[in-house]
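# Structure at a glance
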Amino acid sequence: MTDLTYRSYLRLPELLSVQTPRSGVHDELLFVTIHQASELWMKLCLHELHEARRLIARDDLQPALKMMSRVSRIQAQLIQSWEVLATMTPADYATMRASLGTSSGFQSDQYRELEFLLGSRNPDLVSIFAEAEVRARLEAELARPSLYEEAIALLRRRGFDIAAQTGAGPHPAVEAAWAGVYADPDRYWDLYELAEKLVDLEYHLQLWRFSHLKTVERVIGFKRGTGGSAGVSYLAKVIEQRFFPELLDVRTAL
């Protein structure tokens, strides 16, 4: 039996063979590497958050909080990656843009699954994916309670007066429950920690979105995206979307 090595354990020959620029332009390897690395980090985020959601549903908060904290640190890596991509100038990008065809980050199914898992859910976005396996996975995620819905269900189990079906949009009962947690953190310490971990996730994800917007603005200005999206104007609208609205609103009320 061949000894396991660093190279074979990590399957480096396969991993390093999938960076395959199409244009022959020097900077395309940077573009491919940044996006592939981001997808690997998102895969890990999904791995952690799926398990964190399962643990929250079981009232097992401590390991869930650790996983959520890890995801926030991963998000910091994702934010930093835009700094590297921003070294690509408009002239650099123009020489390779045609090789992208109609591909676009808008088509990242892992990013869409991450949004759905956290609680920002637009079922219409499933239809943009041609692959049946991807659509089935996203639809299955939409059928499950989101991470935030599980957090609200936990508040309900702990005795807070929240209706089982709250509908769409921010809800006064949910905000009141979080206000109760923040008013007495010693009594509700684990719920208080959960609230702060959720806020940390949203904070870092919004920083990632903003860094994405500013990088796109810096490299292509206000051109339309390669996949047909509105580019910077679309990204600006996305930043306005909130994942855990009551946790932000409660800060005004405190």
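Here, every reference points to the structure presented above.
The model shown is predicted, which means the values in this text are computed figures rather than measured ones.

A separate point is the overall build of the chain. Scanning the chain from N- to C-terminus turns up twelve helices and zero strands. Helices and strands in the chain line up, N terminus first, as α-α-α-α-α-α-α-α-α-α-α-α. Along the longest, intermediate and shortest principal axes, the C-alpha atoms of the chain span 60 × 55 × 35 Å. Accessible surface, the chain: about 13900 Å² in total, of which carbon and sulfur atoms supply 57%. If you average the places of the 29 positive and of the 34 negative side-chain charges in the chain, the two averages end up 3 Å apart.

Now for the packing of helix α3 (residues 28-57) against helix α8 (residues 147-157). Interhelical geometry of α3 versus α8 gives an angle of 15° and a closest axis separation of 9 Å. Comparing their axes, α8 and α3 come out roughly parallel. Both α3 and α8 take part in a crossing whose hand is left-handed. For the pair formed by α3 and α8, the contact residues are Leu 49, Ala 52, Arg 53, Ile 56 and Ala 57 on the first element and Leu 147, Glu 150, Ala 151, Leu 154 and Arg 157 on the second. Along the lines of polarity and charge, the residues of the contact of α3 with α8 split into seven nonpolar, no polar and three charged.

Our next topic: the packing of aromatic side chains. According to the stated counting rule, one finds eight aromatic pairs in the structure shown. Both rings, one in Trp 82 and one in Trp 208, keep their centres 5.6 Å apart while their planes meet at 55°; by these two values the pair is tilted. Placement of Trp 82 in helix α4 (residues 61-85) and of Trp 208 in helix α10 (residues 189-220) is noted, with a sequence separation of 126 residues between them. The same class applies to Trp 82 as to Trp 208, namely buried. With a centroid separation of 5.1 Å and 50° between ring planes, the pair formed by Phe 160 and Tyr 188 is classed as tilted. Here Phe 160, found in the loop between α8 and α9 (172-183), pairs with Tyr 188, found in the loop between α9 and α10; they are 28 residues apart in sequence, far enough to count as distant. The burial state of Phe 160 is the same as that of Tyr 188; both residues are buried. Among the aromatic residues, ring-to-ring pairing joins Trp 82, Tyr 111 and Trp 208 into one connected group. The positively charged end of Arg 112 is found above the aromatic ring belonging to Phe 106, 5.1 Å away from the centroid.

Reading guide: rules and limits
Residues numbered from 1 in each chain as written. Predicted model: local features only at pLDDT ≥ 70, side-chain atom pairs only at ≥ 80, totals over all residues. Heavy atoms only, no water. Helix = DSSP H or I, 4+ residues; strand = E, 2+ residues; numbered from the N terminus. Areas by Shrake-Rupley, 256 points an atom, 1.4 Å probe, with all protein chains shown as cover. Lys, Arg positive; Asp, Glu negative; His and termini not counted. Charge placed at Lys NZ, Arg CZ, Asp CG, Glu CD. Axes fitted to C-alpha atoms, helices over the stretch in contact; angles between N-to-C directions. Parallel < 35°, antiparallel > 145°, perpendicular 65-115°, else oblique. Left-handed = near helix turned anticlockwise from the far one by under 90°. Contact = heavy atoms within 4.5 Å. Nonpolar A, V, L, I, M, F, W, Y, C, P; charged D, E, K, R; others polar. Phe/Tyr/Trp six-rings, centres within 6.5 Å; stacked < 30°, edge-to-face > 60°. Buried < 20%, exposed > 50% of the residue type's maximum accessible area, 1.4 Å probe, protein only. Lys NZ or Arg CZ within 6 Å of the ring centre and 35° of its normal.

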